[in-house]
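Structural overview for review
Chain by chain, the residues:
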Amino acid sequence: MSDDPTIAVSDASERERYEIRVDGELAGFATYKARPRQIAFEHTEIDAGFEGQGLAGKLIAFALDDARERGLAVLPFCPFVKAYVQRHREYADLVPEDRRAEFEL
């Protein structure tokens, strides 16, 4: 039996946010505004008790992968999401080409 926590990420669309849970407990979220063919990330937050575990990165990778699957353009207004895309250039193509300079991509 493993002592590793169970990590689950989901889109809580009724609250306009992606959520990450550790062993069923809400550990953090990333809020967004959805529009047709577009998603704008506004804020990412990890509960202090869960910081330093790489959860924010897992949360944002899931959210960006979901946006790609759904064919959505991404506007990373949230500083964490913006920095994540800057560090993980494989997601830069999700940001519309004419908006990339705005996000320093």
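Residues numbered from 1 in each chain as written. Predicted model: local features only at pLDDT ≥ 70, side-chain atom pairs only at ≥ 80, totals over all residues. Heavy atoms only, no water.

A tally of regular secondary structure across the chain gives 2 helices and 5 strands. Secondary structure of the chain in N-to-C order comes out as β-β-β-β-α-β-α. Against the 2.2 N^0.38 benchmark of 13 Å for 105 residues, the chain shows a C-alpha radius of gyration of 14 Å, consistent with a compact globule. The contacts of the chain with a sequence gap of at least 6 include a subset with a gap of at least 24, amounting to 37%. Of the roughly 6,100 Å² that the chain leaves accessible, carbon and sulfur atoms contribute 47%. The chain carries 14 positive and 21 negative side-chain charges, and their two centres are separated by 6 Å. (Helix = DSSP H or I, 4+ residues; strand = E, 2+ residues; numbered from the N terminus. Rg over C-alpha atoms; globule rule 2.2 N^0.38 Å. Contact = heavy atoms within 4.5 Å. Areas by Shrake-Rupley, 256 points an atom, 1.4 Å probe, with all protein chains shown as cover. Lys, Arg positive; Asp, Glu negative; His and termini not counted. Charge placed at Lys NZ, Arg CZ, Asp CG, Glu CD.)

Bringing the environment of Arg87 into the picture now. Among the secondary structure elements, Arg87 is positioned in helix H2 (residues 79–87). Separated by 83 residues in the primary sequence, Arg87 and Asp4 have C-alpha atoms spaced 27 Å apart.

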